[in-house]
Amino acid sequence: MEQISVDAENDLDAIVSALNTSSGGRSLFAGTATNSAAMSNADTVLSALRSATAGTQSPDALIDAADTWFDDPAGFSATMYQGSDQTLAPLRVSDTDTVTMDTTADAEELRALIRSVALTAIASDPSFGFSGDSIREVFSETGKSLFENQADLTALRANVGSAQERIETIATRNATEETTLAFAKGALLQADPYETATKLEEVQFQLQSLYTVTARMSDLSLVNFIR
């Protein structure tokens, strides 16, 4: 059971890291606060949760205290979420296309995920003095919560994945258009090397022919003509 709690703590760290993803120096899940990370580190949420649940003497009391802290605007959101409550306006990715990215790290689905994982991480703390059965009771509740939250998380991932796919599709199209425009510009500004070489050879041949005729004409005279 202690190992399960350790694994949960590592999973929580991975979740927070994913939610702090940035692109081009802009945080993706912090709303309009794109210049800062969306979340504090995992140690911060575990420390705050331990403080909020200190003194609880039963699994039910621990779960209730955790729920209260996660639902309280002055609890998890104030302690852990560092982003903005305002979501990003639709992003323009081409002359005619926009993409909406309105998911923040403080979304209800993500709070529920973090709550279950964080509870699993602290359930084995000696400070609670829980027996093995009590710890298993907490694990059972968090496991059930994670299972019930799967559909919401899947919908959230689908929303983010759809936006990502749309951006990649439009980026590919933009790159193709850029390449096409570059070729068109090259055709306008640069001469074709093969065509230029061919025309140059034609001019050289014409010049040589002219020089030959001129040289022969210079040798003509009345005496030569009479002969």
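For the structure given in this document, a descriptive report is provided here.

Conventions and cut-offs
Residues numbered from 1 in each chain as written. Predicted model: local features only at pLDDT ≥ 70, side-chain atom pairs only at ≥ 80, totals over all residues. Heavy atoms only, no water. Phe/Tyr/Trp six-rings, centres within 6.5 Å; stacked < 30°, edge-to-face > 60°. Buried < 20%, exposed > 50% of the residue type's maximum accessible area, 1.4 Å probe, protein only. Helix = DSSP H or I, 4+ residues; strand = E, 2+ residues; numbered from the N terminus. Core = buried A, V, L, I, M, F, W, Y, C linked by side-chain atoms within 4.5 Å. Contact = heavy atoms within 4.5 Å. 1 Å grid on protein atoms, 1.4 Å probe; cavity = no way out; pocket = protein on both sides within 12 Å on 5 of 7 lines; lining within 4 Å. Points joined across faces, edges and corners; volume = space filled by probe spheres on them. Nonpolar A, V, L, I, M, F, W, Y, C, P; charged D, E, K, R; others polar.

As for the packing of aromatic side chains
Counted under the stated rule, the structure contains four aromatic pairs. Between W69 and F70, the aromatic rings sit 5.0 Å apart at their centres with planes inclined by 85°, giving edge-to-face as the arrangement. Plain terms: the ring middles of W69 and F76 are 6.0 Å apart, the flat faces sit at 80° to each other, and that makes the pair edge-to-face. For the residue pair W69 and F76, the accessibility class agrees, reading buried in each case. Every member of this aromatic cluster is reached through a ring pair, and the members are W69, F70 and F76.

Concerning the environment of E108
Tracing the sequence through the fold places E108 in helix α5 (residues 108-122). Measuring from C-alpha to C-alpha, the distance between E108 and D71 comes to 9.4 Å, with 37 residues separating the pair along the chain.

Considerations on the nonpolar core
Judged by nonpolar contacts, the single largest core of 40 residues is most densely connected at L12, M39, V45, F70, F76 and I114. Broken down by secondary-structure element, the contributors of at least two residues to this core are α1 (2-19), α2 (42-53), α3 (59-71), α5, α6 (132-148) and α7 (150-189). Of the residues forming this core, the biggest block, eight residues, is contributed by α5. Beyond its immediate chain neighbours, meaning those up to four positions away, I114 contacts L12, I15, L19, M39, F70 and F76.

Side note on the environment of S162
Relative to the elements of secondary structure, S162 occurs in helix α7. Distance from S162 to T100, taken between C-alpha atoms, is 9.9 Å for residues 62 residues apart in sequence.

Observations concerning empty space enclosed by the protein
Inspection of every chain in the model, using the stated rule, returns two cavities of 30 Å³ or more. Taken together, T100, M101, D102, T103, N159, V160 and A163 make up the lining of the largest cavity. Residues belonging to the lining of the largest cavity are distributed by class as follows: three nonpolar, three polar and one charged. Considering only enclosed or pocket space, the second largest cavity measures out at about 30 Å³ in volume. Residue classes in the lining of the second largest cavity are distributed as three nonpolar, four polar and one charged.

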